[in-house]
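Chains, contacts and geometry: an overview
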Amino acid sequence: MNYPVGLTGGIGSGKSTVADMFATLGVRIVDTDLISHQLTQAGGAAIAAIRNAFGDQVIDAQGALDRNKMRELIFGNQEEKQRLEDILHPLIYARAQQQAAAPTDAPYTLIVVPLLFESGRYAGWLKHVITVDCPEDSQIARTAQRSKLDATAIRAIMAQQLSREARLALSDEVIHNNGSLDYLKSQVVGIHRRLSALATESD
């Protein structure tokens, strides 16, 4: 069923863990991070536009986006960051819509979008938006554990994202990732039941 639901949350909130839990319940997952990687790999649909806008310096020897060099270029530079987003976001959105429109037996489709509210593209399309939320200290600890970034760099990334309060205010549902995995799963199961019913009613 093509009932599109958004899943978002700040860096380190646990979106991937939650998406995996929905997937085990038979939900189709469309991951915009994965789409972004496909668009920027060698031969990807975004490479020519990125090369044209930023030059060969941000393309590696294999012809893919050099993520470290791009990160250095756009970090703290809003104009360059916007140029990259103007290339990527329309392509990501179009590819996500294409994947979500394909036939499926899943009860609904979960579109995972880290910058869902920030991008300003998804509001007219998604039927429902879920935010994964946790205390900011947990975001920093989780992100530091999985990446080489220190707390200062992580806080700088968080400062460029929508505030926790604003994200929660814009959401239809909130999953609190501040307890055990069992508690997390119980919330996912409850929301899954509600969304399955909503999707069926809308069919």
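In what follows, the accompanying structure is described. What you are looking at is a predicted structure, and each value in this text was computed from that prediction instead of being measured.

On to the pairing of strand β3 (residues 109-112). Along any regular strand, the residues point their side chains to alternate faces of the sheet. On β3, burial covers both faces: T109 and I111 on one face and L110 and V112 on the other are all buried. Note that strand β2 (residues 28-31) and β3 share 4 bridges and pair parallel. Looking at the pairing, D31 lines up with V112 of β3.

For the rest of this paragraph, the subject is the sheet that holds β2. The strand order β2-β3-β1-β4-β5 describes an open sheet built from 5 strands, whose pairing is parallel. Whereas interior strands pair on both sides, the edge strands pair on one side only; in this sheet they are β2 and β5 (173-176). When strand polarity is set aside, the average angle formed by the axes of neighbouring strands in this sheet is 25°. The pairing of strand β4 (residues 128-133) with β5 spans 4 bridges and is classified as parallel. Bridge pairing in β5 links D133 to H176.

Topologically, R67 is positioned in helix α4 (residues 67-74). Between the C-alpha atoms of R67 and T8, which are 59 residues apart in sequence, the distance is 22 Å. Apart from residues no more than four positions distant in its own chain, R67 is found in contact with S36, H37 and T40.

So, on to the pairing of β4. Burial within β4 is extensive, with 6 of its 6 residues counted as buried. What you see with β4 is no split at all: H128, I130 and V132 on one side and V129, T131 and D133 on the other are buried throughout. Two elements, strand β1 (residues 4-9) and β4, share 5 bridges in a ladder whose sense is parallel. Directly across from G9, in β4, lies its bridge partner V132.

Its location among the elements puts D33 in helix α2 (residues 32-40). Residues D33 and V113 lie 80 residues apart in sequence; the distance between their C-alpha atoms is 7.4 Å.

Time to look at the packing of aromatic side chains. What the rule picks out here adds up to 3 aromatic pairs. Their ring planes at 90° and their centres at 5.0 Å tell us that Y93 and Y122 sit as a pair that is edge-to-face. Taken as a pair, Y93 in helix α5 (residues 78-101) and Y122 in the loop between α6 (116-119) and β4 lie far apart in primary sequence, 29 residues in all. For the pair Y93 and Y122, one class covers both residues: buried. A connected cluster of aromatic rings, assembled from ring pairs, spans Y93, Y122 and W125. The aromatic ring of F54 is capped on one face by R83, whose charged end is 4.6 Å from the ring centroid.

Procedures and definitions
Residues numbered from 1 in each chain as written. Predicted model: local features only at pLDDT ≥ 70, side-chain atom pairs only at ≥ 80, totals over all residues. Heavy atoms only, no water. Buried < 20%, exposed > 50% of the residue type's maximum accessible area, 1.4 Å probe, protein only. Helix = DSSP H or I, 4+ residues; strand = E, 2+ residues; numbered from the N terminus. Pairing = 2+ DSSP bridges. Axes fitted to C-alpha atoms, helices over the stretch in contact; angles between N-to-C directions. Contact = heavy atoms within 4.5 Å. Phe/Tyr/Trp six-rings, centres within 6.5 Å; stacked < 30°, edge-to-face > 60°. Lys NZ or Arg CZ within 6 Å of the ring centre and 35° of its normal.

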